[in-house]
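# Descriptive structure summary
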Amino acid sequence: MAMLAIQGITKRFGGLVANDDVTFEVEKGQIFAVIGPNGAGKTTLFNMIAGTFPPSEGEVVFDGAAISGRPVARIAQAGLVRTYQLVQLFKALTVAENVMVGFHRVTTGGVFSALFRPPAIRRQEREIAARATEILDFVGLSHRANVTADLLPYGEQRLLEVARALAASPKLLLLDEPAAGLNTEETAELARVVRKVNENGVTIMLIEHDMGLVMQIAHRIAVLDYGRKIAEGTPEEIRAHPDVIAAYLGGTEGYDD
Ligand SMILES: Nc1ncnc2c1ncn2[C@@H]1O[C@H](COP(=O)(O)OP(=O)(O)OP(=O)(O)O)[C@@H](O)[C@H]1O
Ligand SMILES: [Mg+2]
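Conventions used here
- Residues numbered from 1 in each chain as written.
- Chains lettered and ligands numbered in written order.
- Predicted model: local features only at pLDDT ≥ 70, side-chain atom pairs only at ≥ 80, totals over all residues.
- Heavy atoms only, no water.
- Donors = N, O, S within 2.8 Å, 3.2 Å for Na, K, Ca; no water.
- Helix = DSSP H or I, 4+ residues; strand = E, 2+ residues; numbered from the N terminus.
- Buried < 20%, exposed > 50% of the residue type's maximum accessible area, 1.4 Å probe, protein only.
- Axes fitted to C-alpha atoms, helices over the stretch in contact; angles between N-to-C directions.
- Parallel < 35°, antiparallel > 145°, perpendicular 65-115°, else oblique.
- Left-handed = near helix turned anticlockwise from the far one by under 90°.
- Contact = heavy atoms within 4.5 Å.
- Nonpolar A, V, L, I, M, F, W, Y, C, P; charged D, E, K, R; others polar.
- Pairing = 2+ DSSP bridges.
- pLDDT = per-residue confidence, 0-100.
- Phe/Tyr/Trp six-rings, centres within 6.5 Å; stacked < 30°, edge-to-face > 60°.
- Lys NZ or Arg CZ within 6 Å of the ring centre and 35° of its normal.

## Description of the coordination of the magnesium ion (ligand 2)
In a perfect tetrahedron of four donors around a metal, the angles come out at 109.5 degrees. In a perfect octahedron of six, they are 90 or 180 degrees. Coordination of the magnesium ion (ligand 2) by the protein is provided by Thr43 (OG1) and Gln85 (OE1), with metal-donor distances spanning 2.0 to 2.2 Å. Remark: Gln85 occurs in the loop between β6 (80-82) and α3 (95-104) and Thr43 occurs in helix α1 (residues 42-50); sequence separation between them is 42 residues. Classification of Gln85 by relative accessible area gives partly exposed; the value is 32%.

## Details of the packing of α3 against helix α5 (residues 122-139)
Running from amino to carboxyl end, α3 crosses α5 at an angle of 115°, the nearest separation of the two axes being 9 Å. In terms of their interaxial angle, α3 and α5 are classed as roughly perpendicular. Here α3 and α5 pass one another in a crossing that is right-handed. For the pair formed by α3 and α5, the contact residues are Val95, Ala96, Val99, Met100, Phe103 and His104 on the first element and Glu125, Ile128, Ala129, Arg131, Ala132, Ile135 and Leu136 on the second. Of the residues in the contact of α3 with α5, the class split is ten nonpolar, one polar and two charged.

## Focus: the sheet that holds strand β8 (residues 203-207)
Here six strands make up an open sheet; going across it, the order is β6-β7-β8-β3-β9-β10 and the pairing mixed. Looking at the sheet topology across the chains shown, the edges are occupied by β6 and β10 (228-233). Averaged over all pairs of adjacent strands, the angle between strand axes in this sheet comes to 15°, irrespective of strand direction. Sheet topology note: the strand β3 (residues 31-35)/β8 ladder contains four bridges and is parallel. Paired with Phe32 across the strands is Met205, a residue of β8. Most of the contacts of helix α7 (residues 184-199) go to β8, to which it runs at about 150°, and overall it touches β3, β7 (172-176) and β8.

## Re the confidence of the model for the chain
Per-chain confidence: the chain averages 91 in pLDDT, with 90% of residues scoring 70 or above. The model gives residues 251-257 a pLDDT under 50, and that stretch makes 13 contacts with residues more than four places away or in other chains.

## Here we look at the packing of aromatic side chains
For the coordinates displayed, the defined rule picks out two aromatic pairs. Pairing Phe13 with Phe53 gives two aromatic rings, centres 5.6 Å apart and planes at 85°, and the pair type is edge-to-face. Taken together, the positions of Phe13 in strand β1 (residues 4-13) and Phe53 in the loop between α1 and β4 (57-62) put the pair 40 residues apart, joining distant regions of the chain. For the pair Phe24 and Phe32, a centre-to-centre distance of 4.9 Å together with 10° between the ring planes defines the contact as stacked. Residue classification places Phe24 among the buried positions, given a relative accessible area of 2%. The exposure class of Phe32 is buried, given its relative accessible area of 0%. A cation over an aromatic ring shows up here: Lys196 above the ring of Phe138, its NZ or CZ 4.4 Å from the ring centre.

Okay, here's the thing in structure tokens:
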């Protein structure tokens, strides 16, 4: 059984068809990339998978259960967690606190209980703090634990977003352009962390414009163009696909730039 099945998903915004009858499956253990030009409908697809809004038509099946229309928090509790295209950290909180907020998305009272904690749950808080330290260690940010998030270089902010998502113990992690704005070195570090997360048993879906990164880490790729899936396959297959070259690159450029 696939970890995620996208079944005939369509999303309309008024007259605009942002996703048009999109179907594919993500197998457990994969790094699955979704690529396509700006406005192709990639983030819209993630929004429907993560529960931000329901599809106009079609169904999202996660881990065997139809989840379309369920609230984001319920979907996250089931193990499907996402990051956003634009960095969404609590800039005035420390790096460690930002990760702890990630736990509270799936535990009791949401963000507020992470910030204003009653004494009764302080013990639980200490366990969470310990686990946050482990996660920061895992992504290579433990030396930054007590720095406020706004002081982090951009590349580390992106890693912190991954760390916060990991706090929710995802089975499936959706990353929306995690390497956007990163330099070569930061992108390489991000790639290393994403692979490591995947090797630890987390299935990953990745939207990314950096073709070098996609070709390097994705096991499988789906290509969207004007809301439609125009191709799906291995990196080798996608690289050589005439429709992809035509639609995505205008037929002029190589893929590894
Ligand atoms: N909430 C919304 N309401 C109305 N239109 C929307 C909404 N979200 C997205 N769109 C439109 O749907 C289309 C697909 O947008 P989407 O953000 O999914 O593209 P994308 O592939 O993620 O692009 P990018 O690579 O630039 O992030 C665009 O035309 C966009 O303007
Ligand atoms: Mg997008």
